[in-house]
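Understanding the architecture of this molecule
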There are 2 protein chains.
Amino acid sequence: MVRRADVFRSKQGIDLLTGHQVESIDPKQHKVAGTTLDGREFEQGYDRLLIATGASVVMPDLPGFDLPQVLPLKTLQDGRRMKSLLNSRNIKKVAIIGMGYIAMEMCETLKALDIDVAMVKPNPVFLPWLATDLADAVRDEIAANGVGIHAGHEPERIEPSGDGVRLICSDLELAVDMVLVAIGVQPESELAGSAGLELSVADSIAVDRMLHTSDENVYSAGDCADAYHVVTGEKTWIPLALRANRAGWAVADNVCGRAKALDGVAGTSVFRVFEMEVARTGLNVTEAEKYGFEPVEMTIKGASRAHTYGDSHPLHVSAVADKKSGRLLGMQIVGREGAAHRINAPAVALHMGMTAAAYTQMDLAYAPPFGPTWDPTLIAANQLVKKI
Amino acid sequence: MVRRADVFRSKQGIDLLTGHQVESIDPKQHKVAGTTLDGREFEQGYDRLLIATGASVVMPDLPGFDLPQVLPLKTLQDGRRMKSLLNSRNIKKVAIIGMGYIAMEMCETLKALDIDVAMVKPNPVFLPWLATDLADAVRDEIAANGVGIHAGHEPERIEPSGDGVRLICSDLELAVDMVLVAIGVQPESELAGSAGLELSVADSIAVDRMLHTSDENVYSAGDCADAYHVVTGEKTWIPLALRANRAGWAVADNVCGRAKALDGVAGTSVFRVFEMEVARTGLNVTEAEKYGFEPVEMTIKGASRAHTYGDSHPLHVSAVADKKSGRLLGMQIVGREGAAHRINAPAVALHMGMTAAAYTQMDLAYAPPFGPTWDPTLIAANQLVKKI
């Protein structure tokens, strides 16, 4: 997505100063200061300040990660660089460091370009945040598409090797033409931290429901800022598009004096890898334990269509509830169809603090092409209630 | 779906009396009476009685509707009769009376068998319960598949004509080889009504949340019984599979002395016709007015995928809320993908009496293959809140 500076200036009347690197914020004096691209120092006063610095990609500080064949994928520039590398060279084999969303989406994209792909990461557990049966289903799908999965190998360094490179990990060496580093992002909060603003989970900028930072005239929104989790009530940092976008709209209202409070995030997310949809909302067992719940988990293997209809695929659902209160804490769904949008009903339930028993009563849609009479999320909730 | 009597008897120990037609219930004497298939009269006492008579298909009392080429589709026998007709004769053209779920599903099925299909009904408005833009999208899909849509023609009689029949309607005559009558079902409540049990919406059997009828020892569940609507709080009769199934489980608990109360229905339903998914939950404007709300409607045309992703299809969403309370009253979704399961999030919201403004805060899943950053149901709710 590209937005042009002149649109901000001419159509929206915004005094947009590009090429101005802010280097410090002075909350007491209500001003920011820095240097322009041409080396001039500048200062800019404010009544209210919004910090929307986003997140930056994490690159390990290891030998060889500065080689031209080693790149992340976060900015438009990263994308152009990768495209030009793919176009100009004979890229036959790529290693991806990391097994998160970007790694998954890129392994599919690279395979579609007929490129050999190997994924590698230190943690021996593939998708550790996902229930075991669900993670296995995703792993099977990726392996079936010929992608090498090397979990449990710590990347140590990258060395040039002919036109390509060698990625050297613990007990593993991969000779490839390109390395994609996809081990996550971190909040761009250094400026805020140096100004004495309160930081929070993973060093994200702490904001309240109105997107105020710890200074009443300074706001923050987007991937640099934290959020409340609707299940735990505690702060969390989940840098995803909908929350960033929603916070953008809300902070504009608040900065302009129109109060707009945000509810919080449920930790809902989805990705597709090859033909598999992977969706989650709320907490898994590990997270639930961390926040003092007594989690009970139920994993079922349902079907994406009525058994009378045919062409059905397995739909794996894992549901977690708190033993003491019966409250639904989270759900995860994996399948070739019907996983992605199905996660939204339990997400709404989490916003409302609903019990698993109450969820079993939900009047969800049924027709044979779209699922069994009892939606698989209802079946999981029913079984979970029995287990509790 | 077929269940065999001997399974009930041998595996579940149920004294299943087939071939016993109950003709009367005596709630005071706690007994039912009737006649067996071989003409013997019988009586059967009970401590508790469950009436699970289901619904029967509506057949108009008009000339020619008893011809062998004219049939409904409700029971297994109906299905076998239709299959045998399709197999044994040269069926080239079929008229369907009605434009509901069964009519839609069957017009697709018959077209897949290379049969010409014409649909006819008295009401000139096609799918009157659906918002206009959404109904138009469904109509376009059906018309594009070569099905004749004749709304506004009252069927008057059917006459034999060679091997086929002539369906004569107001200002329309159709010469076809078979007529499918799909104008709905009615609750099988005559027995209950004759026994003095309270009847309700559309003559369905009135039951409370524990599935008691107006007699404390008589229960009813399934398509013959009514239900509470979670939006109106009033009784409704919506004979769909999930509610019937759920009531079956709950009534078994209640009859056996284990209290189980049902929440109610949101009126959630979905069907597919050709490549179009049609889903709804809650009330439309007409229904909302009927129940004393002041409905405001917002219809948007969103997209099934992120615009950067490609292969996106229009996704039409209509949302209705109450002007006074801001409460979300219903939602409808039509599109080639992503409509069916998307209806479940607003369905959960309706169960919780959520406002449209609260719905805009829901943390729904986003990834480019599955929708835009703001889920189309969120966009509709946002626009609806602005309109209110």
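Up top is the structure.
Residues numbered from 1 in each chain as written. Chains lettered and ligands numbered in written order. Predicted model: local features only at pLDDT ≥ 70, side-chain atom pairs only at ≥ 80, totals over all residues.

Below, the discussion takes up the overall build of chain A. Counting its regular elements, chain A contains ten helices and 22 strands. The globule rule puts the C-alpha radius of gyration for 388 residues at 21 Å, and the 23 Å found for chain A is close to it. Every one of the 388 residues in chain A was classed for burial, and the buried ones make up 44%. Once local pairs closer than 6 in sequence are excluded, the contacts in chain A between residues at least 24 apart make up 60%. (Helix = DSSP H or I, 4+ residues; strand = E, 2+ residues; numbered from the N terminus. Rg over C-alpha atoms; globule rule 2.2 N^0.38 Å. Buried ≥ 20, exposed ≤ 12 C-beta atoms within 10 Å, placed from the backbone. Contact = placed C-beta atoms within 7 Å.)

As a further point, take the sheet that holds strand E3 (residues 41–45) of chain A. Residue and element names in this part refer to chain A. The sheet built from three strands is open, its strands ordered E1-E2-E3 with antiparallel pairing. Edge positions in the sheet fall to strand E1 (20–26) and E3, since each of these pairs with one other strand and no more. For this sheet, the mean inter-axis angle between neighbouring strands, taken without regard to orientation, is 25°. Pairing of E1 with strand E2 (residues 31–36) involves six bridges; the strand directions are antiparallel. Bridge assignment links Ser24 to a residue of E2, and that residue is Ala33. (Pairing = 2+ DSSP bridges. Axes fitted to C-alpha atoms, helices over the stretch in contact; angles between N-to-C directions.)

What follows is about the sheet that holds strand E10 (residues 155–161) of chain A. Residues and elements named next belong to chain A. If you walk across this open sheet you meet the three strands as E10-E11-E12, and the pairing is antiparallel. Where the open sheet ends on each side, the last strands, each with one partner, are E10 and strand E12 (172–176). Each neighbouring strand pair of the sheet contributes to a mean axis angle of 20°, computed without reference to strand direction. Alignment of E10 against strand E11 (residues 164–169), held across six bridges, turns out to be antiparallel. From the neighbouring strand, Pro155 faces E11, where its bridge partner is Cys169.

Before going further, it helps to spend a moment on the relation of the copies chain B and chain A. When chain B is fitted onto chain A, the two copies agree to an RMSD of 0.0 Å after a turn of 180° and an axial shift of 0.0 Å. Taken together, the rotation and translation relating the two chain copies correspond to the operation of a two-fold axis. When each C-alpha of chain B is compared by its distance to the rotation axis, Ala345(B) comes out closest, at 2.0 Å. Interface overlap between copies: 100% of the residues of chain B at the interface are likewise at the interface in chain A, consistent with a symmetric, same-surface contact. (Least-squares fit on C-alpha atoms with pLDDT ≥ 70 in both.)

Before going further, it helps to spend a moment on helix H4 (residues 132–144) of chain B. Residues and elements named next belong to chain B. Under the 1.5 Å per step criterion, the end-to-end length of H4 is 18 Å for 13 residues, consistent within 8% with the ideal 18 Å. Of the positions making up H4, those classed as buried are Leu134, Ala135, Ala137, Val138 and Ile142. Axial view of H4: buried residues confined to an arc of 160°, hence all on one face. Within H4, the exposed residues directed more than 90 degrees away from the buried face are Asp140, Ala143 and Ala144. Those residues of H4 hidden inside the fold are in contact with helix H3 (101–112), strand E9 (148–151), strand E18 (269–273), strand E19 (276–282), strand E21 (314–322) and strand E22 (328–335). Downstream of H4 by one or two residues, Gly146 has phi in the positive range, about 80°. (Expected span 1.5 Å × (residues − 1). Arc of directions from axis to C-beta.)

Here we come to the environment of Leu364(B). Position of Leu364(B) relative to the elements: it lies in the loop between helix H9 (356–359) and helix H10 (376–387). Between the C-alpha atom of Leu364(B) and that of Ala381(B), which follows or precedes it by 17 residues, the distance is 13 Å. Beyond its immediate sequence surroundings of up to four residues, Leu364(B) is in contact with Leu242(A), Thr268(A), Asn344(A), Ala347(A), Ala345(B), Asp375(B) and Leu378(B).

At the junction of the two partners, chain B supplies 39 residues and chain A supplies 40 residues. Put simply, the parts of the chain that give the side of chain B that touches chain A at least two residues each are helix H6 (241–255), E18 and helix H8 (344–351) of chain B. Counting residues per element, the side of chain B that touches chain A draws most heavily on H8(B), at six residues. For the side of chain B that touches chain A, a count of residues per class yields 25 nonpolar, ten polar and four charged. (Nonpolar A, V, L, I, M, F, W, Y, C, P; charged D, E, K, R; others polar.)

A separate point is the environment of Thr213(B). Residue and element names in this part refer to chain B. Of note, Thr213 is situated in the loop between helix H5 (190–194) and strand E15 (218–220). Among the residues examined, Thr213 registers 24 C-beta atoms within 10 Å and is labelled buried. Along the sequence, Thr213 and Met352 sit 139 residues apart, while their C-alpha atoms lie 26 Å from each other. Beyond its immediate stretch of four places on either side in the chain, Thr213 contacts Ala192, Leu197, Glu198, Ile205, Ala206, Val207, Val218, Tyr219 and Ser220.

One non-glycine residue, Asp171(B), adopts positive backbone phi at about 60°. One can find Asp171(B) in the loop between strand E11 (164–169) and strand E12 (172–176).

Let's shift gears to the packing of helix H8 (residues 344–351) of chain A against H8(B). Running from amino to carboxyl end, H8(A) crosses H8(B) at an angle of 30°, the nearest separation of the two axes being 7 Å. By the angle between their directions, the pair H8(A) and H8(B) is classed as roughly parallel. Of the two possible hands of crossing, H8(A) and H8(B) adopt the one that is right-handed. In this structure, H8(A) uses Asn344(A), Ala345(A), Ala347(A), Val348(A) and Ala349(A) to contact H8(B), whose residues at the interface are Asn344(B), Ala345(B), Ala347(B), Val348(B) and Ala349(B). Residues that form the contact of H8(A) with H8(B) fall into these classes: eight nonpolar, two polar and no charged. (Parallel < 35°, antiparallel > 145°, perpendicular 65-115°, else oblique. Left-handed = near helix turned anticlockwise from the far one by under 90°.)

Membership of the largest hydrophobic core comes to 223 residues, with the highest contact counts inside it found for Ile96(A), Val179(A), Ala319(A), Ile96(B), Cys107(B), Val179(B) and Ala319(B). In this structure, Ala319(B) is in contact with Met298(B), Leu328(B), Met331(B), Ala356(B), Ala380(B), Ala381(B) and Leu384(B), ignoring residues within four places of it in sequence. (Core = buried A, V, L, I, M, F, W, Y, C linked by C-beta atoms within 7 Å.)

This part takes up the pairing of strand E7 (residues 93–97) of chain A. All names here are of chain A. Most of E7 is tucked away: four of the five residues are buried. With five bridges joining them, E7 and strand E8 (residues 116–121) adopt parallel strand pairing. The residue bridging Lys93 from the neighbouring strand is Asp116, located in E8. In the classification by handedness, the crossover that spans E7, the intervening helix H3 (residues 101–112) and the parallel E8 is right-handed. Relative to strand E13 (residues 178–181), E7 runs parallel, the two being bridged by four bridges. By the bridge assignment for E13, Ala95 is matched with Val179. (Right-handed = clockwise from strand over helix to strand, strands pointing away.)

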